[in-house]
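Structure at a glance
Read off the chains here:
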Amino acid sequence: MAANPRRRAELVDATLSCLGQGGARALTHRAVDRWAGVPLGTTSNYFATRGDLVLAAAEGIFARLVPDPDRVQGVLDSQQGVAAVEEFVLDVVRRLTASRTLTLALYELRLEAARTPEVAAALNPFLARGREADAKFHQSAGLPGGAYEVQLLHHAINGLVLELLVRGDSLGDVESVVRDLVRRLLRA
C-alpha cells in the first residue's frame, strides 16, 4: 500500500465526490483516479480492493461528520434530559444536511451495501460500531432512554435526512420536527 497520507486524503475526497455526485455504481478505482486527476492505477495503489475503497470512504464520511467536542460539552453543561437529546439530534441533522454531497455519498454506500456483499462486509461492521458508540455515549452521559431508543432515533433521523435530500425544505420547520420526534420517541 502506498504511504503518502496527503495523496491518500485526496483520493478519499475524490471517492466521496464520485459517490455523492455519480452514485455507487460509478465508484471504481479508475473513476476515482479521474476525479482526483491522478494517473490511472494510483487509487488501486492505496486501496487494493473495492471493499478497501468503500471502508476508506465510510471512514472519510464519519471523520467529517464527527461532532465538535466543545459543542458536545456545551450541550452537556447547559442541557439535561430530553432537551439535551434534542440538541444532539439537531446537531446530527445539521451536520448531515450541511454537505449534500457527503450525505449522498453515505446513502449511496448504504444502498450499495444492500446489493453488494463486498460493500456490506466493509460498511456494515463500521456502521454497527458507530451505533454502539452512540449508545454508549448516550448511557454514559445519563441521557434518557437506552440503546433501543438510540436505535429508533438513528432510524428516524436517517429517514428524515433522506426526505430532506429528496424533497428539500418542503418538510417545514425541521427543528420543530426533530424536537417533536425526539420527545415522542423518548415519550416525554
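Anything mentioned here points back to the structure above.
Residues numbered from 1 in each chain as written. Predicted model: local features only at pLDDT ≥ 70, side-chain atom pairs only at ≥ 80, totals over all residues. Heavy atoms only, no water.

The next point concerns the pattern of salt bridges. If the charged atoms of two oppositely charged side chains come close together, the side chains can form a pair. As enumerated under the stated definition, the model contains 16 salt bridges in all. Here Arg-115 and Glu-112 are joined by a salt bridge, their closest N and O atoms 3.3 Å apart. Linking Arg-115 with Glu-112, this pair stays in helix H7 (residues 100-115), spanning three residues, or about one helical turn. Residue Arg-167 pairs with Glu-163 through a salt bridge whose shortest N-O separation is 3.0 Å. With Arg-167 and Glu-163 both in helix H9 (residues 147-167) and four residues apart, the pair spans about one turn of that helix. Given a relative accessible area of 44%, Arg-167 falls into the partly exposed group. By sharing partners, the salt bridges in this structure join Arg-71, Glu-86, Glu-87, Asp-91, Arg-94, Arg-95, Glu-175, Arg-179 and Arg-183 into a single network. (Salt bridge = Lys/Arg side-chain N within 4 Å of Asp/Glu carboxyl O. Helix = DSSP H or I, 4+ residues; strand = E, 2+ residues; numbered from the N terminus. Buried < 20%, exposed > 50% of the residue type's maximum accessible area, 1.4 Å probe, protein only.)

Residues Ile-61, Leu-109, Ile-157, Val-178 and Val-182 are the most contacted members of the largest nonpolar core, which totals 54 residues. Residue contributions to this core peak at eight residues, all from helix H6 (residues 81-98). Both domains that furnish three or more residues to this core are identified here as domain 1 (3-58) and domain 2 (66-185). Discounting residues that sit within four places of it in the chain, Ile-61 has contacts with Leu-16, Leu-102, Ala-105, Leu-106 and Leu-109. (Core = buried A, V, L, I, M, F, W, Y, C linked by side-chain atoms within 4.5 Å. Domains from an automatic or database assignment. Contact = heavy atoms within 4.5 Å.)

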